[in-house]
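Results of the structural survey
Given next are the chains, with one letter for each unit.
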Amino acid sequence: MEDPELASSALEEGKADAIVIGRGLLADPQLPNKIKSGKVDDIRPCLGCHDGCMGRIAQVKPLCCAVNPQVGREAEYGVKPAEKQKCNGYRRWSSRHGSCKNLRIKRT
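Let me sum up the structure you'll find in this document.

Rules of the game
- Residues numbered from 1 in each chain as written.
- Predicted model: local features only at pLDDT ≥ 70, side-chain atom pairs only at ≥ 80, totals over all residues.
- Heavy atoms only, no water.
- Patch = residues over 30% accessible without salt bridge, like charges linked within 9 Å, V, L, I, M, F, W, Y side chains within 5 Å.
- Areas by Shrake-Rupley, 256 points an atom, 1.4 Å probe, with all protein chains shown as cover.
- Salt bridge = Lys/Arg side-chain N within 4 Å of Asp/Glu carboxyl O.
- Lys, Arg positive; Asp, Glu negative; His and termini not counted.
- Charge placed at Lys NZ, Arg CZ, Asp CG, Glu CD.
- Helix = DSSP H or I, 4+ residues; strand = E, 2+ residues; numbered from the N terminus.
- Buried < 20%, exposed > 50% of the residue type's maximum accessible area, 1.4 Å probe, protein only.
- Polar contact = N/O pair within 3.5 Å; in protein donor to acceptor, adjacent residues only side chain to side chain.
- Contact = heavy atoms within 4.5 Å.
- Arc of directions from axis to C-beta.

**Digging into a negative patch on the surface**
Side chains of Asp3, Glu5, Asp41 and Asp42 sit close together on the surface and give a patch of like negative charge. Examined against the element boundaries, Asp42 turns out to sit in the loop between α3 (31-36) and α4 (54-58). Residue Asp42 is classed as partly exposed on the basis of its relative accessible area of 49%.

Structure below.
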């Protein structure tokens, strides 16, 4: 879902059990944090152009993003994992190597 308000209302009204964010996280990796903190106007939105993400995957080329130049260049830009994992009491739905990066569901 591209509209955070629509996604929130869908969850609150029981019209959706979960919201999956794909390309939006490429455009703005802080998207969930910005929604949670009420900084919706600061979100760098996905344009839906498919040039850097889906288009490049179809061409078997490295991933990139039209609005986020860091995508696919994490080593070049020096993006490092967080020093401390912050699971915030969420139960893991899927746990790859025991990390807190994967999908969470309701608090335990």
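**Remarks on the side chain of Asn68**
Positionally, Asn68 belongs in the loop between α4 and α5 (74-77). At 2.9 Å, the side chain of Asn68 forms a polar contact with the backbone oxygen of Leu26. Look past the residues within four positions of Asn68 in its chain and what remains in contact with it is Leu26, Ala27, Pro29 and Arg44.

**Structural notes on the pattern of salt bridges**
Under the counting rule described, the total for this entry stands at 2 salt bridges. A salt bridge links Lys34 to Asp28; the shortest N-O distance between them is 2.7 Å. Accessibility expressed as a relative area gives 2% for Asp28, which makes it buried.

**What to know about unusual backbone geometry**
Of note, the phi angle at His50 is positive, near 60 degrees, even though the residue is not glycine. For His50, the position within the fold is in the loop between α3 and α4. Backbone geometry places Val60, a non-glycine residue, at a positive phi of 55 degrees.

**Thoughts on helix α1 (residues 4-12)**
Listed as buried for α1 are Pro4, Ala7 and Ala10. End-on, the buried residues of α1 take up no more than an arc of 125 degrees, which puts them together on one face. In α1, those exposed residues whose orientation departs by more than 90 degrees from the buried face are Glu5 and Glu12. As for α1, its buried residues are in contact with α3. The N-cap residue of α1 is Asp3: its side-chain oxygen and the backbone nitrogen of Glu5 are 3.1 Å apart. Phi turns positive one or two residues past the end of α1, at Gly14, with a value near 75 degrees.

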